[in-house]
Amino acid sequence: MGCVDVVVCFYARRGVFFRDSFAGLVISGHSNTQGKRPSPRRLRSKVEEKPESTGTFRAGSCASASSLKIFAVVFPPDQAQKMSKKILCLFDVDGTLTVPRKVIADEMYGFLQRLRSKVTLGLVGGSDLVKIQEQMAGKAIEGFDFCFAENGLTAYKGGEELPSQSFIQFLGEERYQQLVAFILTYIADLKIPKKRGTFIEFRNGMINVSPIGRNCSRAERDEFEAFDKDAKVRQTMVKALEDKFASFGLKFSIGGQISFDVFPVGWDKTYCLRHVRSLGFDEIHFFGDKTFEGGNDFEIFTSEETIGHTVTSPEDTRKQLSELFSVE
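Everything numeric here is computed off the predicted structure, so don't read it as measured data. (Residues numbered from 1 in each chain as written. Predicted model: local features only at pLDDT ≥ 70, side-chain atom pairs only at ≥ 80, totals over all residues. Heavy atoms only, no water.)

*Asks:* Help me get a handle on the packing of helix α2 (residues 106-115) against helix α9 (residues 314-325), residues and values and all.
*Replies:* The N-to-C vectors of α2 and α9 enclose an angle of 20°; their axes lie 11 Å apart at closest approach. The angle between the axes of α2 and α9 places the two elements in the roughly parallel class. As for the relative orientation of α2 and α9, their crossing is left-handed in sense. For the pair α2 and α9, contact is made by E107, M108, F111, L112, R114 and L115 and by P314, T317, R318, L321, S322 and F325, respectively. (Axes fitted to C-alpha atoms, helices over the stretch in contact; angles between N-to-C directions. Helix = DSSP H or I, 4+ residues; strand = E, 2+ residues; numbered from the N terminus. Parallel < 35°, antiparallel > 145°, perpendicular 65-115°, else oblique. Left-handed = near helix turned anticlockwise from the far one by under 90°. Contact = heavy atoms within 4.5 Å.)

Listed below in structure tokens is the structure:
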């Protein structure tokens with residue numbers, strides 16, 4: 001086996017891990033069974049080669065040892081501390097990584113991939129997998145370590161699908177039809193500027209309710225959002241549903257511009273955390289825009305298991321991440 005370059009990085013995603021004599025610095029020794037010489041990662045911090053530190057280590061499960069060239073990297077104390085932690089960053093989609101219902105910008109996706117070399121990344125959205133894939137330009141699974149659609153009721157880890165849950169199995173057909181009948185009657189009686197189509201969207205783990213209808217245009221979506229801020233159409237409708245179906249064990253959560261989600265209590269975005277609790281993360285950060293009470297990011301934002309960050313746009317998300325993890 002040939003000489004393998006070793007570099008210090010924040011969170012090594014691949015390779016064999018060693019710790020040198022500098023507290024908090026992680027060394028990633030990339031074993032190479034194919035005889036190819038890997039390229040060392042580029043580091044923005046000051047790098048100083050230490051030839052005298054070169055030594056021989058056992059490379060993971062490989063039968064033979066690799067000769068490793070060690071580089072010492074000078075970091076500020078707070079940055080070195082972050083490097084020693086195993087960190088997961090979870091992101092809402094609409095309003096956090098993308099403009100609502102739009103495809104992620106190439107610049108934002110590239111930035112996230114650079115961030116991915118330092119921390120583990122996960123998506124957690126209320127939408128179904130098809131919509132999240134559309135907004136992530138088809139890279140929701142391959143471009144992220146975790147993808148949690150419908151709050152994690154449909155979940156992927158490292159590209160592999162995890163067991164899912166069903167809203168209809170929880171509620172039952174009889175109760176579901178009662179709920180649907182009430183919603184459609186309520187919307188029929190609403191006095192709002194416009195109504196279009198698809199007022200109820202059935203998903204695997206929830207239903208999504210839109211007073212204007214999900215078939216509205218982009219301009220109509222923006223118009224309803226502005227109207228709803230004053231008229232509080234969704235907030236009033238949610239209150240009526242909570243009163244009518246108090247015994248059904250359901251949660252009503254406003255999200256996006258034109259709709260709200262309906263799902264069993266406990267099936268909010270904190271549901272996704274059950275997929276990562278046993279994985280030994282030191283910190284789980286969540287970034288979302290609907291973090292107010294009643295918003296669909298509120299429960300995971302306020303969870304004791306997460307460090308919550310409120311964002312106002314994809315640009316704000318990138319700014320906060322750059323400051324937290326020193327990524328450009």
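There is more to say after this.
*Asks:* Go over the environment of R175 with me, naming the residues and quoting the values.
*Replies:* Mapping R175 onto the fold places it in helix α5 (residues 173-188). Taking the C-alpha atoms as reference points, R175 and F248, 73 residues apart in sequence, are found 8.0 Å from one another. Setting aside residues up to four positions removed in sequence, R175 forms contacts with S247 and F248.

*Asks:* Help me get a handle on the packing of α5 against helix α7 (residues 233-244), residues and values and all.
*Replies:* At a minimum axis separation of 12 Å, α5 and α7 run at an interaxial angle of 145°. Handedness of the α5/α7 crossing: right-handed. When α5 is examined against α7, the residues L179, F182, I183, Y186 and I187 are found in contact with a partner set consisting of T236, M237, A240, L241 and K244. Looking at the contact of α5 with α7 residue by residue, the classes come out as eight nonpolar, one polar and one charged. (Nonpolar A, V, L, I, M, F, W, Y, C, P; charged D, E, K, R; others polar.)

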